[in-house]
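Tertiary structure, described
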Amino acid sequence: MKVPHLVADGILEIMLKDSSVWTEGLVRTLVRGKLMLMARCHENGSISAKYMISSRGRSIVYGKEMAPGTSEYEAVQAVLGPMRPCQLITFDLPDVKELVEYSPEDVRVSILRGYFKKAELLNDGDVRLYHWNDFLDDWSHQLFPSNSKQAQAILEITGPIKVGEVHEFKPSSD
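Right, let's walk through the structure included here.

What counts and how
- Residues numbered from 1 in each chain as written.
- Predicted model: local features only at pLDDT ≥ 70, side-chain atom pairs only at ≥ 80, totals over all residues.
- Heavy atoms only, no water.
- Helix = DSSP H or I, 4+ residues; strand = E, 2+ residues; numbered from the N terminus.
- Buried < 20%, exposed > 50% of the residue type's maximum accessible area, 1.4 Å probe, protein only.
- Contact = heavy atoms within 4.5 Å.
- Phe/Tyr/Trp six-rings, centres within 6.5 Å; stacked < 30°, edge-to-face > 60°.
- Lys NZ or Arg CZ within 6 Å of the ring centre and 35° of its normal.
- Arc of directions from axis to C-beta.

1. Some words on the environment of Val31
Looking at where Val31 falls in the secondary structure, it is placed in helix H3 (residues 24-32). Classification of Val31 by relative accessible area gives partly exposed; the value is 26%. With near-sequence residues (within four places) excluded, Val31 lies in contact with Met36, Val79, Leu80 and Phe91.

2. Considering the packing of aromatic side chains
The geometry of an aromatic ring pair is captured by two quantities: the separation of the ring centres and the angle between the planes. Under the defined criterion, the tally for this structure stands at four aromatic pairs. On the numbers, 4.9 Å between centres and 70 degrees between planes, the contact of Tyr115 with Phe116 is edge-to-face. Accessibility expressed as a relative area gives 39% for Tyr115, which makes it partly exposed. The exposure class of Phe116 is buried, given its relative accessible area of 1%. The rings of Trp22, Tyr51 and Tyr62 are connected pair by pair, giving a single aromatic cluster. Sitting above the plane of the Tyr130 ring, Lys118 keeps its charged end 5.6 Å from the centroid. One Lys or Arg, Lys118, reaches over the ring of Trp139 and ends 4.1 Å from the middle of that ring.

3. Side note on helix H5 (residues 104-112)
Along an α-helix, a turn takes 3.6 residues, which lines up residues three or four apart on a common side. Buried residues of H5: Val107, Ser110 and Ile111, and no others. Seen from one end, H5 has its buried residues packed into an arc of 100 degrees, which puts them on one side. Elements that come into contact with the buried residues of H5 comprise strand E6 (127-133), strand E7 (138-144) and helix H6 (149-158).

Spelled out as structure tokens, the structure:
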């Protein structure tokens, strides 16, 4: 399903600004049009969603809060499926075709500058680096295969770590 004509005409933007129109059809349009960015179910059961509107070459991110028992809440649950408290669903961003490739030096510098906050050694020897994602307000990670030069660079910084252990990097003093 293509959405750009709705976005360009501003119809979708008007619909989204009116808090009473979140229907299953609208939520489906957001997901299929790659405009829905994430949905999080909070401990109290409420759902917050972040979505984007693109118009005239600009993209603006909006947020929507939905309380249990409302029609918008039911519409989101109908499209995304029942969400459990503390569950986070993220969606692919439009036009993102490749992940960022890190060289071993990029990994070292990113750790030393504090971008990556912690590392975890997985059962298969792969290494997962974590960074705080302000947009999601949650941890995101980058995975490096066990035989990669990036994983070797990480383990040179962490020193030996046990499988399942999470190593937290100390902030640099400069």
